[in-house]
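Summary of structural features
Given next are the chains, with one letter for each unit.
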Amino acid sequence: MSAERTARRIEEILDGLAASGDREAAAAAEELVRTLMEFYGAGLARAVELLEKRGADPMAALLADEVVAGLLVLHDLHPEDTLTRAGRAVHAARAGTSVDIEHFDPDSGTLRLAAREGGGCGCPSTMDATRQRIEAALSCWAPEVTTVELPQAGPAVREPALLQIGTRPPGAL
């Protein structure tokens, strides 16, 4: 695949799209997207190969970049496994809460997290906000994670009993 051949093919597709009806336009649009994806996917694969030959530092910079990492994941070129990438997402998104990865089930796409004792207030709303931040980060770093489970740490928080304070002793009228 070369840039020149790709440019010619894109021009052919655009010309066909302009001259076609709705049905043909949709098919031509699909082919255009497929051709572009193949082209920049091949370019990313080549960039990864070249960077790996130069050493770990440039590659580490690419992997730490959310946009580049997302493109590498999209084209199945990211060299890190799902758990490593999920760990990056959790670390980037937890923002002060103590959350660790407990388990990932690749068949169901479920990532189970564990909230450590002493990690924040343990309030359901705080844990829900943390889970939402982590889910957003995972969409870039590890899109194969489809479900995030984050149970509360420790025993469930129980509301204190309501104490009635009266002015008279019990039984007095």
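This text goes with the structure placed above it.
Residues numbered from 1 in each chain as written. Predicted model: local features only at pLDDT ≥ 70, side-chain atom pairs only at ≥ 80, totals over all residues. Heavy atoms only, no water.

A tally of helices and strands in the protein yields six helices and three strands. Starting at the N terminus, the α and β elements of the protein follow one another as α-α-α-α-α-β-β-α-β. In the protein, which comprises 173 residues, the proportion classed as buried is 28%. A total accessible area of about 11,600 Å² is found for the protein, and carbon and sulfur atoms account for 55% of it. (Helix = DSSP H or I, 4+ residues; strand = E, 2+ residues; numbered from the N terminus. Buried < 20%, exposed > 50% of the residue type's maximum accessible area, 1.4 Å probe, protein only. Areas by Shrake-Rupley, 256 points an atom, 1.4 Å probe, with all protein chains shown as cover.)

Here we come to the nonpolar core. Soluble globular proteins tend to bury their nonpolar side chains together. Within the largest apolar cluster, 20 residues are counted, with the highest numbers of intra-cluster contacts made by Leu111, Leu113, Ile134, Leu138 and Val145. For this core, the secondary structure elements donating two or more residues are α5 (82–93), β1 (99–105), β2 (110–115) and α6 (124–141). Looking at this core, the element that brings in the most residues is α6, giving six residues. For Leu111, the contacting residues outside a window of four places in its chain are Ala86, Val90, Ile101, His103, Phe104, Leu138, Val145, Thr147, Val148 and Glu149. Core analysis: the second largest hydrophobic core is formed by five residues, Val48, Met59, Leu63 and Leu72 among them. (Core = buried A, V, L, I, M, F, W, Y, C linked by side-chain atoms within 4.5 Å. Contact = heavy atoms within 4.5 Å.)

Our focus in this paragraph is the environment of Ile101. Following the sequence through the fold, Ile101 ends up in strand β1. Distance from Ile101 to Leu150, taken between C-alpha atoms, is 9.5 Å for residues 49 residues apart in sequence. Beyond its immediate sequence surroundings of up to four residues, Ile101 is in contact with Leu83, Ala86, Gly87, Val90, Leu111, Arg112 and Leu113.

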